[in-house]
Amino acid sequence: MAKIIVVTSGKGGVGKTTSSAAIGTGLALKGNKTVIIDFDIGLRNLDLIMGCERRVVYDFVNVINGEANLKQTLIKDKRTDNLFILPASQTRDKDALTKEGVERVLNELAKDFDFILCDSPAGIEAGAMMALYFADEAIVVTNPEVSSVRDSDRILGMLSSKSRRAEQGLDAIKEHLLLTRYNPERVEKGEMLSVEDVKEILSIDLLGVIPESQAVLNASNSGQPVILDKDSDAGQAYLDTVDRLLGEKVPFRFLAVEKKGLLKRIFGG
């Protein structure tokens, strides 16, 4: 039976879709058949991050409405075996997602996949609530700044009260914290919250810390998940994150200011 994981946040622009693409790719690289669903109806960015925007013919809403089946709609990733994308519609309203329709699609996907990643819109509007409703686990993405963390706290409230698990009195959704755009130098200067600050406010298990990195922007612009850039700090941090998600004990990296050697101090870099 597939595990349904929602990637969510209270605030936009924190790296949610970047994280969905990276984590979905990482799960597939580990041999798990994985599908990433774009729940951001009307905007649709996942296909751009994954570099498959020209291959979109049918979308999530077409499947819900019975206008296409999953075989016609799912896009197989060209780089990674076991990875598929279910794109969102750019021309429909978020109300096009119905609880019954989403449940039917998820049940069908669950027959064939190990992991279903739901890339949620930011905030608490209808599309975001639909993305988290059926989740078994949630990855809450936040930046180390007060407004982002505060909005993430609100999402945690929704996860504990508005999900199917909550309605049915089942075990709570397992919550994970993913901290993105982390810069230890700015933390030392007091310009950014520390990992410990964020953990203390949100009180959920830390899954990963992704450093602020030019590699993330480069990967997005080239339509390639940053986790495939294994030489970059961000790529390595996402690989660590996937290992932890799969239950491995992996130490956290990129949390402290890098001490420059003599040559770097003299010549810069």
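Residues numbered from 1 in each chain as written. Predicted model: local features only at pLDDT ≥ 70, side-chain atom pairs only at ≥ 80, totals over all residues. Heavy atoms only, no water.

1. Things to note about the confidence of the model for the protein chain
It should be kept in mind that the predicted coordinates are not to be read in detail where pLDDT is low. Looking at the protein chain as a whole, the pLDDT averages 92, with 94% of positions reaching at least 70. Per-element mean pLDDT across the protein chain ranges from 55 in helix α13 (residues 262-267) up to 98 in helix α12 (residues 233-245). (pLDDT = per-residue confidence, 0-100. Helix = DSSP H or I, 4+ residues; strand = E, 2+ residues; numbered from the N terminus.)

2. Thoughts on the environment of Lys99
Within the element layout of this structure, Lys99 appears in helix α5 (residues 99-110). Look at Lys99 and you get partly exposed, because its relative accessible area is 35%. Along the chain, Lys99 and Val61 lie 38 residues apart, while their C-alpha atoms are 12 Å from each other. Residue contacts for Lys99: discarding those within four places in its chain leaves Met130, Tyr133, Phe134 and Glu167. (Buried < 20%, exposed > 50% of the residue type's maximum accessible area, 1.4 Å probe, protein only. Contact = heavy atoms within 4.5 Å.)

3. Re unusual backbone geometry
Within the chain, Asn82 stands out as a residue other than glycine whose phi angle is a positive 70 degrees. Relative to the assigned elements, Asn82 resides in the loop between β3 (75-76) and β4 (83-86). For Phe254, which is not glycine, the phi dihedral falls at a positive 65 degrees. On the accessibility criterion, Phe254 (25% relative accessible area) is partly exposed.

4. Digging into the packing of aromatic side chains
Counted under the stated rule, the structure contains three aromatic pairs. Both rings, one in Phe39 and one in Phe60, keep their centres 5.2 Å apart while their planes meet at 80 degrees; by these two values the pair is edge-to-face. Separated by 21 residues along the polypeptide, Phe39 in the loop between β2 (34-38) and α2 (46-49) and Phe60 in helix α3 (residues 60-64) bring together distant segments of the chain. Look at Phe39 and you get buried, because its relative accessible area is 0%. The interplanar angle of 85 degrees and the centroid separation of 4.8 Å between the aromatic rings of Tyr133 and Phe134 together place this pair among those described as edge-to-face. Of the residues examined, Tyr133 reaches a relative accessible area of 8% and is grouped as buried. The ring of Phe113 has Lys33 sitting right over it, with the charged end atom 4.9 Å from the ring centre. Against the face of Phe252 rests Arg244, its NZ or CZ located 3.7 Å from the ring centre. (Phe/Tyr/Trp six-rings, centres within 6.5 Å; stacked < 30°, edge-to-face > 60°. Lys NZ or Arg CZ within 6 Å of the ring centre and 35° of its normal.)

5. Looking at the pairing of strand β6 (residues 137-142)
Burial analysis of β6 places six of its six residues in the buried class, the great majority of the element. Here β6 shows a buried face lined by Glu137, Ile139 and Val141 and a second buried face lined by Ala138, Val140 and Thr142. Taken together, the four bridges between strand β1 (residues 3-8) and β6 define a ladder with parallel strand orientation. Among the inter-strand pairings, Thr8 is bridged to a residue of β6, identified as Val140. (Pairing = 2+ DSSP bridges.)

6. Regarding the pairing of β4
Alternating positions in β4 separate into two faces, Leu83 and Ile85 on one and Phe84 and Leu86 on the other, with burial throughout. Sheet analysis places β3 next to β4, joined by two bridges and oriented antiparallel. Across the sheet, the residue bridging to Lys76 is Phe84, located in β4. Linkage of β3 to β4, two consecutive antiparallel strands, is achieved through a turn of six residues, within which Asn82 is found at a positive phi near 70 degrees.

7. Section: the sheet that holds β2
Pairing within the open sheet is mixed, and its eight strands lie in the order β3-β4-β2-β5-β1-β6-β7-β8. Two strands in the sheet have a free side with no partner beyond their single neighbour: β3 and β8 (205-211). This element, helix α1 (residues 16-29), spans β1, β2, β4, β5 (115-119), β6 and β7 (174-182) of the sheet and lies at about 170 degrees to β5. Where α12 meets the sheet, its contacts fall on β1, β6, β7 and β8, and the angle it forms with β8 comes to roughly 165 degrees. (Axes fitted to C-alpha atoms, helices over the stretch in contact; angles between N-to-C directions.)

8. What to know about the side chain of Ser232
On the secondary structure map, Ser232 appears in the loop between α11 (214-221) and α12. Of the polar contacts made by the side chain of Ser232, one reaches the backbone oxygen of Asp229; its length is 2.8 Å. Setting aside chain neighbours within four positions, we find Ser232 in contact with Ala215 and Val226. (Polar contact = N/O pair within 3.5 Å; in protein donor to acceptor, adjacent residues only side chain to side chain.)

9. Some remarks on the packing of α1 against α12
Two quantities define a packed helix pair, namely the angle between the axes and the distance from one axis to the other. In contact at an axis separation of 9 Å, α1 and α12 are set at 65 degrees when each is read in the N-to-C sense. When the axes of α1 and α12 are compared, the crossing they make is right-handed. For the pair α1 and α12, the contacting residues are Thr18, Ser19, Ala22, Ile23, Gly26 and Leu27 in the first and Tyr238, Thr241, Val242 and Leu245 in the second. When the residues that make up the contact of α1 with α12 are grouped by side-chain class, the tally is six nonpolar, four polar and no charged. (Left-handed = near helix turned anticlockwise from the far one by under 90°. Nonpolar A, V, L, I, M, F, W, Y, C, P; charged D, E, K, R; others polar.)

10. Digging into the side chain of Ser19
Considering the arrangement of structural elements, one finds Ser19 in helix α1. Within the structure, the side chain of Ser19 is placed 2.7 Å from the side chain of Tyr238, a separation counted as a polar contact. Dropping the residues within four chain positions of it, Ser19 is found in contact with Val141, Leu178, Thr180 and Tyr238.

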